[in-house]
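Remarks on the overall topology
Here's the letter readout for the chains.
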Amino acid sequence: MKFDPAKEIQHLEQFGEFGGVNPSITDSSTFTFLGTDTMEGTFHGETQGCFLYSRHWNPTNKYLSDALAAMEGTEAGWVTASGMAAITNAILQLCNSGDHLVSSVTTYGGTFAFLKNYLPKFNISVTFVDPTDLDAIEKAVQPNTKVIYTESMTNPLLQISDISAMADIANKHGVKLMVDNTFTPMIVAPFKLGAHIVVYSMTKFINGKNDAVAGAICASQEFIDSLIDVNNGTSMLLGPVLDPMRSSSILKNLNTLHIRMKQHSSNAMYLAEKFTELGVKVSYPGLKSHKGHELITRIMNPKFGYGGLIAIDLGTSEKANQLMELMQDKGVGYLAVSLGYFKTLFSNSGKSTSSEVPEDVQKDMGLSEGLVRFSVGLDNDIEDTFLTIESCLKEMKLI
Ligand code: PLP
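Here we summarise the structure given alongside this text. Just so we're clear, the structure is a prediction, and the values are computed from it rather than from any experiment.

Cut-off values and rules
- Residues numbered from 1 in each chain as written.
- Predicted model: local features only at pLDDT ≥ 70, side-chain atom pairs only at ≥ 80, totals over all residues.
- Heavy atoms only, no water.
- Near = heavy atom within 4 Å.
- Polar contact = N/O pair within 3.5 Å; in protein donor to acceptor, adjacent residues only side chain to side chain.
- Areas by Shrake-Rupley, 256 points an atom, 1.4 Å probe, with all protein chains shown as cover.
- Helix = DSSP H or I, 4+ residues; strand = E, 2+ residues; numbered from the N terminus.
- Nonpolar A, V, L, I, M, F, W, Y, C, P; charged D, E, K, R; others polar.
- Buried < 20%, exposed > 50% of the residue type's maximum accessible area, 1.4 Å probe, protein only.
- Contact = heavy atoms within 4.5 Å.
- Pairing = 2+ DSSP bridges.
- Phe/Tyr/Trp six-rings, centres within 6.5 Å; stacked < 30°, edge-to-face > 60°.
- Lys NZ or Arg CZ within 6 Å of the ring centre and 35° of its normal.
- Axes fitted to C-alpha atoms, helices over the stretch in contact; angles between N-to-C directions.
- Salt bridge = Lys/Arg side-chain N within 4 Å of Asp/Glu carboxyl O.

**Regarding the site of the ligand**
- In the neighbourhood of the ligand, 15 residues make up the surrounding shell, with Met84, Asp180, Ser201, Thr203 and Lys204 lying closest.
- Within the side chain of lysine 204, one N or O atom sits 2.6 Å away from an oxygen atom of the ligand.
- Starting from 390 Å² of accessible surface for the ligand in isolation, the protein chains cover 91%.
- Among the elements that line the shell around the ligand, the one with the most residues is helix 4 (residues 83–94), at three residues.
- For the shell around the ligand, the class distribution of residues is six nonpolar, six polar and three charged.

**Some thoughts on helix 7 (residues 163–173)**
- Residues Ile163, Ala165, Met166, Ala167, Ile169 and Ala170 constitute the buried set of helix 7.
- Where the residues of helix 7 are buried, they touch helix 6 (134–140), strand 4 (145–151) and strand 5 (176–180).
- Just downstream of helix 7, glycine 174 is the residue with a positive phi angle, here 65°.

**Things to note about the pairing of strand 6 (residues 197–201)**
- Counting buried positions along strand 6 yields five of five residues, so the element is predominantly enclosed.
- Of the two faces of strand 6, the one lined by Ile197, Val199 and Ser201 and the one lined by Val198 and Tyr200 are each fully buried.
- In terms of strand pairing, strand 5 meets strand 6 through three bridges, oriented parallel. Counterpart to valine 179 in the pairing with strand 6 is valine 198.

**Describing the packing of aromatic side chains**
- Under the counting rule described, the total for this entry stands at nine aromatic pairs.
- Arranged with centres 5.7 Å apart and planes meeting at 35°, the rings of phenylalanine 31 and phenylalanine 51 form a pair that is tilted. Of this pair, phenylalanine 31 sits in the loop between helix 1 (5–10) and helix 2 (36–43) while phenylalanine 51 sits in the loop between helix 2 and helix 3 (59–72), and the two are 20 residues apart along the sequence.
- On the numbers, 6.5 Å between centres and 80° between planes, the contact of tyrosine 270 with phenylalanine 386 is edge-to-face. With tyrosine 270 in helix 11 (residues 257–278) and phenylalanine 386 in helix 15 (residues 382–395), this residue pair connects regions lying 116 residues apart in the sequence.
- Residue classification places tyrosine 270 among the partly exposed positions, given a relative accessible area of 25%.
- Under the relative-accessibility criterion, phenylalanine 386 is labelled buried at 5%.
- Chaining the aromatic ring pairs together yields one cluster made of Tyr270, Phe275, Phe346, Phe374 and Phe386.
- For the cation-ring pair, lysine 62 lies above tryptophan 57, with the distance from its terminal atom to the ring centre recorded as 5.5 Å.
- Here the basic side chain of lysine 204 rests over the ring of tyrosine 108, its NZ or CZ set 5.9 Å away from the ring centre.

**Thoughts on the sheet that holds strand 9 (residues 309–313)**
- Ordered in space as 8-9-12-11-10, the five strands form an open sheet in which the pairing is mixed. This sheet does not close on itself; its edge strands, each paired only once, are strand 8 (282–283) and strand 10 (334–335).
- Against the sheet, helix 11 touches strand 8, strand 9 and strand 12 (371–375), its axis set at about 20° to strand 9.
- On top of the sheet, helix 13 (residues 317–329) reaches strand 9, strand 10, strand 11 (345–348) and strand 12; it is set at about 160° to strand 11, its chief contact.

**Examining the pattern of salt bridges**
- Summed over all chains, the structure comprises nine salt bridges.
- Between glutamate 138 and lysine 172 there is a salt bridge; the shortest N-O distance is 2.7 Å. Taken together, the residues span a long stretch of sequence, with glutamate 138 in helix 6 and lysine 172 in helix 7 at a distance of 34 residues.
- Under the relative-accessibility criterion, lysine 172 is labelled exposed at 61%.
- A salt bridge links lysine 274 to glutamate 277; its shortest N-O distance comes to 3.7 Å. On the criterion of helical spacing, the pair formed by lysine 274 and glutamate 277 is a turn pair, its members being three residues apart in helix 11.
- Looking at lysine 274, the relative accessible area reads 22%, which means it is partly exposed.
- For glutamate 277, a relative accessible area of 62% gives the class exposed.

This is how it looks when you write it as structure tokens:
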């Protein structure tokens, strides 16, 4: 029986202070105490149920964190002001100076830049590996390795990580497996597959409205508590807390995530099949031709499809740019980075969200300069969208 993250959210009962069907927004940065004893106890993590200061915990953030933990099947969660805050805080909490990480070479460009350019400041080193090569992952583990890092579905190549096999390697060597599940909320449940820490950019599918930047960390209670420890918790001390007003709006959007994921997935599948028929070079994990198709079919939760991201390869960045401008002119969607929006977004990954990755590394990992990544929207008439894209391809004489 597969895990059903949507059912976990369906069964949540979170009410507002006065019985409101939506939890109340607590727009207070600090909280009063009836006595000094409780204040001291709360500071030292000894008192349960009291709030101290909103950089530590805020009731509205707690509602959203609890909902995300339910969705992931973890004991706890903590919401951050961005996806990068979630990733960097979780890594810095686990790694000290002199430590080492093994990371998928294909990650979001900001993550790659943090691992490659920023961590050396702290004398933390990283070995980058092909996330689909389990032998390479295991071989890269060193005595000082603390974390194996990957994305469930990588950005932008859409490779699938074998999370259970990676968790076996991590457990064998006593290291933590951290998985960025931004591309596949609901579809993949990394913690249920053995990952220790799950991170999200909620800016993307989870919020789905492109009106906020936010992130989340889901893990054991012990790990979340360690992040907000007043003496040495990375999140408590670096302070990337999410604003409670945003937590409230994201929580409401989280409740429609399952419906949106199904629609993103079915629209993406439709386009991927049509692109295949046209002879366009297309990558989509839902297609049998995709290298990770069997793996994702085995590990995914049923009913949410294969996700909303597809990539086509036009060979050169000039062709990619021309197509994207034409598609925007004709109303297919927007030439914009980011993903998980109700409108279709497209960008040339090598020159945008993966531009932090040096060109030679892009080439080595198989990232073509002509790759156009689509985050397929919630279009009700996807056939019409396809016909418009087809007319753009015809105008460019690509088909
Ligand atoms: N992880 C992935 C897979 C992403 O695509 C992104 C942003 O594009 C991030 C993390 C960073 O998230 P944020 O922009 O919310 O900091």
